[in-house]
Amino acid sequence: LTPVEIEAKVRAAFADVPVMIEIAKCESKFRQFTDAGNVFYGGAGGGMVGIFQFYESIHKPTAAALGYDLATVDGNIAYAKHLYKEQGVTPWQSCVPATVPVLDANTQKRIEIMKQIIGLLQQLLAMKLAEEGK
């Protein structure tokens, strides 16, 4: 896949998390492969792999255990989604735009729980209003 095609995949995968699109652009310019078709490695010592530039020595075992191959487009994106869910943008600090507030994983989890609670409260309110309207 070309960087343009990979960018489209990243945009689709992270439509609800635009900062991750910016991170992929910063990390690799949406490259998973070199012009010669080899897997793209970058970073200090060339130890980072793919679109989201994961340190292969650190992330490959965990990604593999989850069934993701960092050397593939889909695997790199899927592991980025997993890591974002677990740690937010923390693994990509050098590529986080200055305008994006950085939240730790616990804060992000609390926000997600609060969103779920709000959704449930909205459902209860709608049920109550429907009941009163009968």
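The structure we're discussing is the one just above.
What you are looking at is a predicted structure, and each value in this text was computed from that prediction instead of being measured.

Colleague: How do you make sense of the state of the cysteines when you look at a structure like this?
Modeller: Think of a disulfide as a covalent bridge from one cysteine sulfur atom to another cysteine sulfur atom. Enumeration according to the criterion identifies one disulfide in this entry. Residue pairing for Cys26: its cysteine sulfur links by disulfide to Cys95, the two sulfurs lying 2.0 Å apart. Its S-S torsion of about -65° marks the bond between Cys26 and Cys95 as left-handed, since a negative value means left-handed. One end of the pair, Cys26, is in helix H2 (residues 18-28); the other, Cys95, is in the loop between helix H4 (73-87) and helix H5 (105-133), and 69 residues separate them in sequence. We classify Cys95 as buried; its relative accessible area is 9%.

Colleague: Help me understand the packing of aromatic side chains, please; the structure alone is not making it clear to me.
Modeller: Geometry of an aromatic ring pair is reported as the spacing of the ring centres plus the angle between the planes. According to the stated counting rule, one finds five aromatic pairs in the structure shown. Relative to Tyr79, the ring of Phe54 has its centre 4.9 Å away and its plane inclined at 70°; by these criteria the two rings are edge-to-face. With Phe54 in strand S3 (residues 54-55) and Tyr79 in helix H4, this pair connects stretches of sequence that are 25 residues apart. For the pair Phe54 and Tyr79, a shared accessibility class is recorded, and that class is buried. Members of the aromatic cluster, joined through ring pairs, are Phe14, Phe52, Phe54, Tyr79 and Trp92. Of note, Lys81 hangs over the ring of Phe14, and the distance from its end group to the ring centre comes to 5.0 Å.

Analysis parameters
Residues numbered from 1 in each chain as written. Predicted model: local features only at pLDDT ≥ 70, side-chain atom pairs only at ≥ 80, totals over all residues. Heavy atoms only, no water. Disulfide = S-S within 2.5 Å. Helix = DSSP H or I, 4+ residues; strand = E, 2+ residues; numbered from the N terminus. Buried < 20%, exposed > 50% of the residue type's maximum accessible area, 1.4 Å probe, protein only. Phe/Tyr/Trp six-rings, centres within 6.5 Å; stacked < 30°, edge-to-face > 60°. Lys NZ or Arg CZ within 6 Å of the ring centre and 35° of its normal.

Geometry only, nothing functional implied.
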